[in-house]
Structures are given as structure tokens and as C-alpha cells.
Amino acid sequence: KLGSTKAKRTSFNDDEYRHAVEIAVRHIERRDNVSLDDILLCPEIASEFDAICCDISPGFSSLRYRWAALRLRKSRNLQPEILGHVVPTEVILIPVTNIALEEIPKAPGIYCFSSLKATLYVDEASCLRTRIKKHVVHSDNKYLARWIWEQGVEELTLELHVLKSSVATKVRKAMETELIRSRKPEFNVLGKLK
């Protein structure tokens, strides 16, 4: 019969790059104060989104990255974070293999260590440089330290949310808690609670 063909459902297994998609969306949302729709509908921003995803988890098409972003939103895993209410002065993504401690700001902020597949650890600091230096020398989070010892740093990305010095400690702690709730890092105690 004519006109009786069914549309095929499109689906991808996005386990390998879903985390890269979330990092890219959150990074652009905060930096530019835009929504996921703005990111996907503006060709320039969408291209940047694709490039960030590809840097973190290479080898997949723009369609797959964008589809994963829409799936994250549909499953309510891209709900607004408290972090969006306090605008960082800067959001920095650094492959851990390229960390230059002297370039990390001596400012308060939130930081996230992520592998290619998941967020590993989230914390806040009154001085990002001092705190990251402790992780580089030997992380005081035993699970993260063991992961780095076993896996190496080639797959690790550091995400820094640099804040103004006027942001109160309790606000940083609230932001940290919100990131733990939304990203479910493997090595945070709060991340283990459901």
C-alpha cells in the first residue's frame, strides 16, 4: 500500500560520549547564559558545542552529540543547576595532561574531574590553584587517587568554574552540592546517595 510505511525510530547508544555532551552543554550555558535550544539552533554555537564534545570524546558525529543532548534533557538530566544563578567569571576546560599550575587562577571556585565516560569528582575551593596542586601532587580523595594511579591522566578533563572572591563559602558549598546531585560523580560521598 502507498503511504503505509512506518517511520523508523532513531536511537543511539550514547554511553561513550554522553558525559562529553553534558560538559559541553553546561559550559556553553553558563558562559553565554543560553539554553540548550539556543545552543542547537545557532549554527556558530552548535559548531562550538560539537567541537567541545569532540575534544572530550572524539569519533562521533554532530548528530550523535546533539541527539544525546536532547535525550539528556528529555530524561531530566539537564535540569537547571544552582550554578547557573551565580555566574562564574570564567569556565575553563583543561585536559589534565596539559595542566600548567601557574595558569590556574588563584580564585575561589568549583572544579570537576571527568573521564571520557563520567564525572569522577566535584569539589569547591577557596583557591583553585592551591587545591588543584594538591590533586596533582597526590589527590586526597583516595578513590580519585587510585583511579589516576590505575588509569593515568590521559582520559581526564578538569573543569574549573572560577568565581568572584565575593562569593560566600556557603554559596560555593551549595553549588558543589548541586553539581554532585546533578552529575552524580563516582567518587563523592553525596554522589553515592540516591
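Please refer to the structure placed before this passage.
None of the values given here were measured: they were computed from a predicted structure.

Colleague: Go over the sheet that holds strand β1 (residues 90-95), please, and point to the residues and values.
Modeller: Strand order in the open sheet formed by 4 strands is β1-β4-β2-β3, and the pairing between neighbours is antiparallel. Taken across any chain shown, the strands that pair with only one partner, and hence form the sheet edges, are β1 and β3 (119-125). Each neighbouring strand pair of the sheet contributes to a mean axis angle of 15°, computed without reference to strand direction. Relative to strand β4 (residues 157-162), strand β2 (residues 109-114) runs antiparallel, the two being bridged by 6 bridges. Across the sheet, residue Cys112 finds its bridge partner in β4, namely Glu159.

Colleague: So what's going on with the nonpolar core? Which residues, and what values?
Modeller: Counting residues in each nonpolar core, the largest one holds 22 residues, and the members touching the most others are Val21, Val25, Ile28, Ile39 and Phe49. Where this core is concerned, the elements lending two or more residues are α1 (18-32), α2 (36-41), α3 (43-56) and α4 (62-74). Ranked by residues supplied to this core, first place goes to α1 with 6 residues. What Ile39 contacts, discounting residues up to four positions off in sequence, is Val25, Ile28, Glu29, Val34, Ile45, Ala46 and Phe49. Val96, Phe113, Leu156 and Val162 belong to the second largest nonpolar core, which has 20 residues in total.

Calculation criteria
Residues numbered from 1 in each chain as written. Predicted model: local features only at pLDDT ≥ 70, side-chain atom pairs only at ≥ 80, totals over all residues. Heavy atoms only, no water. Pairing = 2+ DSSP bridges. Helix = DSSP H or I, 4+ residues; strand = E, 2+ residues; numbered from the N terminus. Axes fitted to C-alpha atoms, helices over the stretch in contact; angles between N-to-C directions. Core = buried A, V, L, I, M, F, W, Y, C linked by side-chain atoms within 4.5 Å. Buried < 20%, exposed > 50% of the residue type's maximum accessible area, 1.4 Å probe, protein only. Contact = heavy atoms within 4.5 Å.

What is shown is where atoms sit, not what they do.
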